Amino acid sequence: MIERLLQLPRPIRKGLAMLFKLGVAFRLALYKAGYVKPKRARAFTISVGNLTVGGTGKTPLVEYIARLLLAEGYRPSVISRGYGRRSRAPFVLVSDGLQLHATAHDAGDEPILLARHLPGAIVAVGAHRYAVAHHLEERFRPDVHVLDDAFQHLALERDLNLLLIDALDPFGDEALLPLGRLREPLSEIARASAIIITRADHPFDQLRLEAQLRELAGPIPIFYSYHEIVELFSPGVGHALSPQKLYGRAIGAFCAVGNPQLFESDLAHYRARIVFFRSFRDHHWYTLRDMTRLFREAEAAGAEFLVTTEKDWVRLESLPLPKTPPLYIARIEARLEDAEAFRTFLLRHLRAQA
């Protein structure tokens with residue numbers, strides 16, 4: 001939907017952006033004036049979100065934070081809206097920390113992926129995050145909530161507001177949707193407790209970006225992160241390859257993520273020869289016809305094997321897939337450049353609320 005709007009003629013997008021700006025300003029004014037008050041969960045609440053549409057690596061960082069909390073002995077919950085899910089249920093328990101209770105159709109691809117990667121963490125989905133948090137507190141008593149993609153979800157108060165900024169596209173053309181890619185005005189960066197600059201392993205003007213962020217947000221902590229492919233596993237063959245094995249190999253790739261160019265550049269980083277690449281809209285549900293065509297075109301292009309992301313695999317693993325070329329799934333994880341400083345920052349805030 002958003003991608004279609006971004007492709008409209010500029011005069012139409014400009015008019016729509018003015019309407020969007022009025023709606024956003026009215027909503028923000030209601031909260032700032034106190035006419036609408038956010039509700040507070042009992043557990044410490046961390047929001048991870050961004051200011052622009054498109055992929056900035058939120059889900060890998062949510063996983064990183066939840067994994068850190070688990071390692072420190074906390075019992076976290078991860079709450080997502082569940083974009084792309086086919087269920088309209090107001091609450092879906094994805095995992096109780098011990099086993100899965102939902103499918104990707106029920107909950108969406110990212111919550112399923114998080115639940116698989118985070119044994120011990122409670123994962124749930126619902127549009128009304130406070131109601132989901134309240135339900136989890138009554139049933140499971142988590143001591144920390146991690147909200148996935150919730151910077152704009154003002155209805156639930158948070159103790160830490162972590163804002164992700166893409167190093168290569170920090171301000172979304174500095175225009176609101178659909179003229180640019182901003183969900184809110186840049187002034188709302190001031191709501192952040194800390195900023196995490198993602199894709200920081202790519203060349204960018206660090207000093208200039210930091211100066212711009214300081215002007216908007218003041219002296220809050222700024223951390224730098226990146227993500228990397230940690231392995232390529234084959235569901236059909238049952239073995240894994242290191243990403244270094246991509247060097248010089250002719251591969252095909254496909255994905256349906258928020259920023260497909262990022263996945264393509266990740267593969268190119270390992271010097272793979274990408275002879276075939278297809279992207280679909282974010283959260284696209286693959287059909288057997290899609291997969292038959294993808295495998296056929298990749299093979300015709302001379303690909304030794306196909307590669308996609310784990311997020312995509314969640315949405316196609318139930319399909320009967322062709323055997324050739326072999327399919328490999330890229331496991332992607334977030335990294336922080338100063339992991340210890342981030343850990344100290346997070347734990348200091350948690351312990352201050354204890």
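Here, the structure is the one placed above.
The shown structure was predicted, so the numbers you read here are calculated from the model rather than taken from an experiment.

**Considerations on the pattern of salt bridges**
Thinking step 1. Scanning the entire structure with this criterion turns up 24 salt bridges.
Thinking step 2. Across the salt bridge formed by arginine 343 and glutamate 72, the nearest N and O atoms sit 2.8 Å from each other. Here arginine 343 is found in helix α11 (residues 339-353), whereas its partner glutamate 72 is found in the loop between α3 (58-71) and β2 (76-80), with 271 residues between them in sequence.
Thinking step 3. Here arginine 343 falls in the partly exposed class, since its relative accessible area comes to 27%.
Thinking step 4. Residue glutamate 72 is classed as partly exposed on the basis of its relative accessible area of 27%.
Thinking step 5. Salt-bridge contacts for arginine 199 lead to aspartate 166; the nearest nitrogen and oxygen are separated by 2.9 Å.

**Digging into the pairing of strand β5 (residues 144-148)**
Thinking step 1. Counted residue by residue, β5 has five buried out of five residues, so it is predominantly covered.
Thinking step 2. Judged by which residues are buried, β5 turns out to be covered on both faces: Val144, Val146 and Asp148 on one side and His145 and Leu147 on the other are all buried.
Thinking step 3. Sheet analysis places strand β1 (residues 44-50) next to β5, joined by five bridges and oriented parallel. Residue pairing for β5: isoleucine 46 is matched across the bridge by valine 146.

**Topic: the packing of α3 against helix α5 (residues 109-117)**
Thinking step 1. With their axes 11 Å apart at the nearest point, α3 and α5 run at an angle of 30 degrees to one another. As far as their axial angle goes, α5 and α3 are roughly parallel. Judged by the sense of rotation from one axis to the other, the crossing of α3 with α5 is right-handed. Packed against α3, whose contacting residues are Thr59, Val62, Glu63 and Arg67, the element α5 presents Glu110, Leu114 and His117 at the interface.
Thinking step 2. A breakdown of the residues in the contact of α3 with α5 according to their chemical character gives two nonpolar, two polar and three charged.

**Things to note about the side chain of serine 77**
Thinking step 1. Among the secondary structure elements, serine 77 is positioned in strand β2.
Thinking step 2. Note on serine 77: relative accessible area 0%, which makes it buried.
Thinking step 3. Here serine 77 is in contact with Ile122, Leu136, Pro142, Val144, His145 and Val146, once residues within four sequence places are set aside.

**Details of the pairing of strand β13 (residues 327-336)**
Thinking step 1. Counting buried positions along β13 gives nine out of 10 residues, so the element sits mostly inside the fold.
Thinking step 2. Alignment of strand β8 (residues 222-233) against β13, held across eight bridges, turns out to be antiparallel. Counted as the bridge partner of histidine 227 is alanine 334 from β13.
Thinking step 3. One ladder, built from four bridges, connects strand β12 (residues 305-309) with β13; its direction is parallel. What sits directly across from threonine 308, in β13, is isoleucine 329.

**Notes on a nonpolar patch on the surface**
Thinking step 1. The grouping of Ile12, Leu16, Leu19 and Leu22 at the surface amounts to a nonpolar patch, some 390 Å² of accessible area in total.
Thinking step 2. Tracing the backbone shows leucine 22 in helix α2 (residues 10-32).
Thinking step 3. Accessibility expressed as a relative area gives 60% for leucine 22, which makes it exposed.

**Brief notes about α5**
Each full turn of the α-helix corresponds to 3.6 residues, which orients residues three or four apart in the same direction.
Thinking step 1. Burial runs high along α5: eight of the nine residues are buried.
Thinking step 2. Within the span of α5, buried status applies to Asp109, Glu110, Pro111, Ile112, Leu113, Leu114, Ala115 and His117.

**Quick word on the packing of aromatic side chains**
Thinking step 1. For the coordinates displayed, the defined rule picks out eight aromatic pairs.
Thinking step 2. Arranged with centres 5.5 Å apart and planes meeting at 55 degrees, the rings of phenylalanine 223 and phenylalanine 345 form a pair that is tilted. Separated by 122 residues along the polypeptide, phenylalanine 223 in strand β8 and phenylalanine 345 in helix α11 bring together distant segments of the chain.
Thinking step 3. Residue class for phenylalanine 223 comes out buried when judged on its relative accessible area of 9%.

**Points about the packing of α3 against α11**
Thinking step 1. Following both chains from N to C, one finds α3 and α11 inclined at 65 degrees, their axes separated by 11 Å at the closest point. Overall, the two elements α3 and α11 adopt an arrangement that is roughly perpendicular. Relative to α11, α3 is oriented so that their crossing is right-handed. The residues of α11 that touch α3, namely those facing Tyr64, Ile65, Leu68 and Leu69, are Ala339, Phe342, Arg343, Leu346 and Leu350.
Thinking step 2. Residues belonging to the contact of α3 with α11 are distributed by class as follows: eight nonpolar, no polar and one charged.

Rules used in this analysis
- All residue numbers refer to positions counted from 1 along the written sequence of the respective chain.
- Totals for whole chains, interfaces and linings use all residues, but because this is a predicted model, local features are given only for residues with pLDDT of at least 70 and pairs of side-chain atoms are given and counted only at 80 or more.
- Heavy atoms throughout the structure, all of them, feed into the side-chain values; hydrogens and water do not.
- What makes a salt bridge here is a side-chain nitrogen of Lys or Arg within 4 Å of a carboxyl oxygen of Asp or Glu, nothing more.
- The numbering of helices and of strands both runs from the N terminus, where a helix is a DSSP run of H or I of at least 4 residues and a strand a run of E of at least 2.
- Exposed residues in this analysis have more than 50% of their type's maximum accessible area, buried residues have under 20%, and partly exposed residues fall in between, with area computed by a 1.4 Å probe over protein chains only.
- One bridge is not enough; two strands pair if DSSP finds at least two bridges between them.
- A fitted line through C-alpha atoms serves as each axis, taken over the contacting stretch for helices, and the angle formed by two N-to-C directions is quoted from 0 to 180°.
- The labels follow the angle: roughly parallel below 35 degrees, roughly antiparallel above 145, roughly perpendicular from 65 to 115, and oblique for the rest.
- Each crossing gets its handedness from the near helix: less than a right angle anticlockwise from the far helix is left-handed, clockwise is right-handed.
- Throughout, a contact is declared for two residues whenever any of their heavy atoms are within 4.5 Å.
- Any residue that is not Ala, Val, Leu, Ile, Met, Phe, Trp, Tyr, Cys, Pro, Asp, Glu, Lys or Arg is counted as polar, Gly included; the first ten are nonpolar and the last four charged.
- Nonpolar side chains (Val, Leu, Ile, Met, Phe, Trp, Tyr) within 5 Å and like charges within 9 Å form the patches, drawn only from residues with over 30% relative accessible area and no salt bridge.
- Residue burial considers only the protein chains on display, and all accessible areas are found by Shrake-Rupley using a 1.4 Å probe.
- Ring geometry is summarised as follows: Phe, Tyr and Trp rings, the Trp one being its six-membered ring, pair when their centres sit within 6.5 Å, and such pairs are stacked at plane angles under 30 degrees, edge-to-face over 60 and tilted between the two.

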